[in-house]
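Structural characterization, general
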Amino acid sequence: MEQERENNAQHFLDLIQKSRKGKFKIYIGMSAGVGKTYRMLQEAHTLLKKGIDVKIGYIETHARKETQELITGLPIIPRRTIFYKGKELEELDVQAIINLRPEVVIVDELAHSNIQGSKNEKRWQDVLEVLEAGINVISAVNIQHIESLNTVVKEITGVEVQERVPDNVISMADEVVNIDLTAEELINRLKEGKIYAEDKIQMALTNFFKSDQILQLRELALKEVASQVVRKVEHEKPKNTNFRQDKLLACISSNDKTAKIVIRKTARLASYYNSKWMVLYVETPKESSVRIPLAKQRYLINNLKLATQLGAEVIKKENGKITDAILEVVEQKQITTVCIGKPHFNLFKVILSSNIFNKLLNKLASSNVDLIILS
């Protein structure tokens, strides 16, 4: 196990030495308590022994004894103190890191939202700033904080996670490492008091730490890391000019809930296939800027912003015929796969819309373009 950790740290060290740009490593886990922070600190000790200037930018121990003990002997960059609503709070000091210029900085909890008044709204934005300065970063995040998985995680856990990291930030990582435990091991760690204080254990067991939920989150984490590996391999192998590059088009309406599902699921597909993707919104005359209700307009803007954060090119068309607009974009952008939401029509609307839908199907089929209906 010790040798494995040595090799792990050495691989990241080799990456650092190949480039002056900041390299980025992320530890991903299925939930709190799997040992991401612990592993980061172990790696910091290994790098320190090898003579690397490694410093702690921000570590959250959650009062876990094993984790706190590992901080001993590691150089720490003092946090930035902010007074907010009468309280003294601490945040990552980005400027101090850039001024000190360590070779490697450890920054925990990538999905964290910074206190109001901070330069950046999110910690992942702080990390990008540090990387831009040529400093190497090792960070950590739980699988449920990845933006495109938000809907899936809500279906599994019943909780909508508010702090999220855009998928393109994860894809920027030079290394993504999964910290894996079985459901039994994780629950045992919880019962032994290694994750939460004793008064919170029972609540955790009855809420988030259920065996079936852990298994599903574990599967998501394994798939995410596997897809990142595939993406790296695809990116690094020579391009075959005769190979048709996949391009996905997500077609959304002003329906907020359906649009979010289509955007996130298309983002997952694009990530899995390492493909370019776009989001199309067709503005019909009844939804022109002067006629669409303000609430719908606000939801639409937020969804288009979400698509951009997830790495999509956003396209907005004005057309009374939605099918024509879709086909026009398919041809212009050489789309290979069109993704739409599951239609929520009543029988009368199905009859009225059948010709439109058939036209879309026939045109796509004749162009050798796939159609995916996302439920």
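Residues numbered from 1 in each chain as written. Predicted model: local features only at pLDDT ≥ 70, side-chain atom pairs only at ≥ 80, totals over all residues. Heavy atoms only, no water.

Describing the sheet that holds strand S8 (residues 247-252)
- Within the open sheet, the five strands sit side by side as S10-S9-S8-S11-S12. Their pairing is parallel. Of all the strands in the sheet, just strand S10 (313-318) and strand S12 (370-374) have a single pairing partner and so form its edges. Here the strands of the sheet are splayed against their neighbours by 25° on average, with no regard to which way each runs.
- Along the sheet, helix H12 (residues 294-309) makes contact with S8, strand S9 (276-283) and S10, crossing S9 at roughly 165°.
- Set on the sheet, helix H13 (residues 322-333) makes contact with S8, S9, S10 and strand S11 (337-341); between it and S10 the angle comes to about 135°. (Pairing = 2+ DSSP bridges. Helix = DSSP H or I, 4+ residues; strand = E, 2+ residues; numbered from the N terminus. Axes fitted to C-alpha atoms, helices over the stretch in contact; angles between N-to-C directions. Contact = heavy atoms within 4.5 Å.)

Remarks on the environment of Val-329
- Assignment of secondary structure puts Val-329 in helix H13.
- Taking relative accessible area as the criterion, Val-329 reaches 1% and is therefore assigned buried.
- Placed 51 residues apart in sequence, Val-329 and Met-278 show a C-alpha to C-alpha distance of 9.8 Å.
- Among all residues touching Val-329, those that are not within four sequence positions of it are Leu-249, Leu-280, Ile-315, Lys-317, Gln-334 and Ile-335. (Buried < 20%, exposed > 50% of the residue type's maximum accessible area, 1.4 Å probe, protein only.)

Structural notes on empty space enclosed by the protein
- Applying the stated criterion to the full structure yields two cavities of 30 Å³ or more.
- Each pocket or cavity is described by its volume, and for the largest cavity that value is around 50 Å³.
- The wall of the largest cavity is formed by Arg-5, Asn-8, Ala-9, Tyr-27, Arg-39, Gln-42, Glu-43 and Thr-46.
- Elements supplying a minimum of two residues to the lining of the largest cavity: helix H1 (2-18) and helix H2 (36-49).
- For the lining of the largest cavity, the leading source of residues is H2, giving four residues.
- Tallied by class, the residues present in the lining of the largest cavity amount to two nonpolar, three polar and three charged.
- Reported here for the second largest cavity is a volume of approximately 30 Å³.
- Lining the second largest cavity are Ser-148, Thr-151, Val-152, Ile-261, Arg-264, Lys-265 and Arg-268.
- Mapped onto the lining of the second largest cavity, the elements with two or more residues apiece are helix H6 (150-157) and helix H11 (256-273).
- Sort the elements by how many residues they give to the lining of the second largest cavity and H11 lands first, with four residues.
- Of the residues contributing to the lining of the second largest cavity, the split by class is two nonpolar, two polar and three charged. (1 Å grid on protein atoms, 1.4 Å probe; cavity = no way out; pocket = protein on both sides within 12 Å on 5 of 7 lines; lining within 4 Å. Points joined across faces, edges and corners; volume = space filled by probe spheres on them. Nonpolar A, V, L, I, M, F, W, Y, C, P; charged D, E, K, R; others polar.)

So, the layout of surface pockets
- If you add up the space inside the second largest pocket, you get close to 980 Å³.
- Ser-31, Ala-32, Gly-33, Lys-36 and Arg-64 are, among the 44 residues lining the second largest pocket, the residues nearest its centre.
- Elements represented by at least two residues in the lining of the second largest pocket include exactly H2, helix H3 (65-71), strand S6 (136-142), H6, strand S7 (175-179) and helix H9 (198-206).
- In terms of residues, the lining of the second largest pocket owes the most to one element, H2, which gives five residues.
- Of the residues contributing to the lining of the second largest pocket, the split by class is 17 nonpolar, 14 polar and 13 charged.

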